[in-house]
Amino acid sequence: MSNPIFVLASASPTRKSILENAGIKPVIRVSHFDEEAIQVSDPTSLVMTLAQCKAKAIAAEFTGQNALVIGCDSIMYLNGMIYGKPDSKQTAIATWQKMRGNYCELYTGHCLIDANNERSVLRYGVTKVHFSEVTDAEIDSYVDSGEPLCCAGCFTLEKLGGLLIDKIEGCHTNVLGLSLPILRQMLAELGYSIHFSANGTVIR
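This is a predicted model, so every value here is computed, not measured. (Residues numbered from 1 in each chain as written. Predicted model: local features only at pLDDT ≥ 70, side-chain atom pairs only at ≥ 80, totals over all residues. Heavy atoms only, no water.)

Visitor: Teacher, can you tell me more about the packing of aromatic side chains here?
Guide: Two numbers describe a pair of aromatic rings. These are the distance of the centres and the angle of the planes. Counted according to the given criterion, the structure contains five aromatic pairs. Seen in terms of ring centroids, tyrosine 77 and tyrosine 107 are 6.0 Å apart; in terms of plane orientation they differ by 85 degrees. Their pairing is edge-to-face. Of this pair, tyrosine 77 sits in strand β3 (residues 67–78) while tyrosine 107 sits in strand β5 (residues 103–114), and the two are 30 residues apart along the sequence. For tyrosine 77, a relative accessible area of 24% translates into the label partly exposed. Under the relative-accessibility criterion, tyrosine 107 is labelled buried at 9%. Taken together, a centroid distance of 5.8 Å and an interplanar angle of 90 degrees make the contact between tryptophan 96 and tyrosine 142 edge-to-face. With tryptophan 96 in helix α3 (residues 89–99) and tyrosine 142 in helix α4 (residues 136–144), this pair connects stretches of sequence that are 46 residues apart. Judged by its relative accessible area of 0%, tryptophan 96 is buried. When its relative accessible area of 6% is taken as the criterion, tyrosine 142 is described as buried. Every member of this aromatic cluster is reached through a ring pair, and the members are Trp96, Phe131, Tyr142 and Phe155. Between the NZ or CZ atom of lysine 128 and the centre of the ring of tyrosine 103, over which it lies, the distance is 4.7 Å. (Phe/Tyr/Trp six-rings, centres within 6.5 Å; stacked < 30°, edge-to-face > 60°. Helix = DSSP H or I, 4+ residues; strand = E, 2+ residues; numbered from the N terminus. Buried < 20%, exposed > 50% of the residue type's maximum accessible area, 1.4 Å probe, protein only. Lys NZ or Arg CZ within 6 Å of the ring centre and 35° of its normal.)

Visitor: Looking at this structure, I do not really get the UniProt feature "active site" (unreviewed entry) in the protein chain. What am I missing?
Guide: With numbering matched to this structure, UniProt assigns "active site" (unreviewed entry) to Asp73. Residue aspartate 73 is classed as buried on the basis of its relative accessible area, which comes to 4%. (UniProt positions renumbered as here; feature names shortened; annotations may be inferred.)

Visitor: Can you walk me through the packing of α3 against α4 in this structure?
Guide: The packing of two helices is summarised by the inter-axis angle and the distance between the axes. Running from amino to carboxyl end, α3 crosses α4 at an angle of 140 degrees, the nearest separation of the two axes being 10 Å. At the point where α3 passes α4, the crossing takes the right-handed sense. Between α3 and α4, the residues in contact are Lys89, Ala92, Ile93, Trp96 and Gln97 and Ile139, Asp140, Tyr142, Val143 and Asp144, respectively. Here the contact of α3 with α4 is composed, by residue class, of six nonpolar, one polar and three charged. (Axes fitted to C-alpha atoms, helices over the stretch in contact; angles between N-to-C directions. Left-handed = near helix turned anticlockwise from the far one by under 90°. Contact = heavy atoms within 4.5 Å. Nonpolar A, V, L, I, M, F, W, Y, C, P; charged D, E, K, R; others polar.)

Visitor: Would you mind showing me how to read helix α2 (residues 43–59) here?
Guide: What sets the pattern is the α-helix's 3.6 residues per turn: residues three or four places apart point alike. Over its 17 residues, α2 extends 24 Å from the first C-alpha to the last, a length consistent with the 24 Å expected when each residue adds 1.5 Å. Of the residues making up α2, those classed as buried are Pro43, Thr44, Leu46, Val47, Leu50, Ala51, Lys54, Ala55, Ile58 and Ala59. Where α2 is buried, its residues meet β1 (5–8), β3, β4 (81–83), β5 and β6 (119–131). (Expected span 1.5 Å × (residues − 1).)

Visitor: Sorry, what's going on with the environment of leucine 78 here?
Guide: Residue position: leucine 78 is located in strand β3. In this structure leucine 78 comes out as buried when scored by relative accessible area, which is 0%. Spatially, the C-alpha atoms of leucine 78 and threonine 95 are 9.4 Å apart, while their sequence positions differ by 17 residues. Once residues lying within four places of it in the same chain are set aside, the contact partners of leucine 78 are Tyr83, Lys98, Met99, Asn102, Tyr103 and Cys104.

Visitor: Honestly, the pattern of salt bridges in this entry has me stumped. Any pointers?
Guide: A side chain with one charge may pair with a side chain of the opposite charge, provided their charged atoms come close. Per the counting criterion, the structure on display carries six salt bridges. Glutamate 61 is the partner of arginine 29 in a salt bridge, and the nearest nitrogen-oxygen pair spans 4.0 Å. With arginine 29 in the loop between β2 (27–28) and α2 and glutamate 61 in the loop between α2 and β3, this residue pair connects regions lying 32 residues apart in the sequence. Residue classification places arginine 29 among the partly exposed residues on the basis of a relative accessible area of 34%. Measuring nitrogen to oxygen at the nearest pair gives 3.4 Å for the salt bridge that ties aspartate 144 to lysine 89. On the criterion of sequence distance, the pair formed by aspartate 144 in helix α4 and lysine 89 in helix α3 is long-range, its members being 55 residues apart. (Salt bridge = Lys/Arg side-chain N within 4 Å of Asp/Glu carboxyl O.)

Visitor: So what exactly am I meant to see when it comes to the environment of glycine 84 here?
Guide: Among the secondary structure elements, glycine 84 is positioned in the loop between β4 and α3. The exposure class assigned to glycine 84 is partly exposed, which follows from its relative accessible area of 32%. In this structure, the C-alpha to C-alpha distance between glycine 84 and cysteine 150, residues 66 residues apart in sequence, is 9.6 Å. Ignoring any residue separated from it by four or fewer positions in sequence, one finds glycine 84 in contact with Cys151, Ala152 and Gly153.

As structure tokens, then:
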């Protein structure tokens, strides 16, 4: 059998970049799943349920084909509360006022489905992120940049927000939205292995 195509059920350019930097060239399919339809208070259950729903929505398009489909979802857990993408600048500023000098846990759920036989694996990762004691002026200018309005938890690690983070404990790609160590584990559980070459990474 030929090597499977790898499908990313996400519009996230960061997740796409993570895979491409690891030598995997994904086919992009956006699930358009209504995340608001899932109301769960436990962060682990929430990210795994959303990841599974996104992956299943796209895997249905590839049923019986030689394809692997991955869906992911991330949230920030801070002071016992779940935070996704802020709905306004005011929300982002208020959230950052709670974040500064504090730490959060960044949860990312992963669901990998083998469309050929409909087997699937669910995993989640948790990474602790410690934020700097940023000033009001820094918060205001960061929010005005627009970057935190597009991110779960109001920050990025790999762009401007990296300047506002003191340290992380755990997998850094998990913070970005797709943990490469978890992906490797899931591939192995489904019976696949990875092979490196000058042209990239091959899954077989």
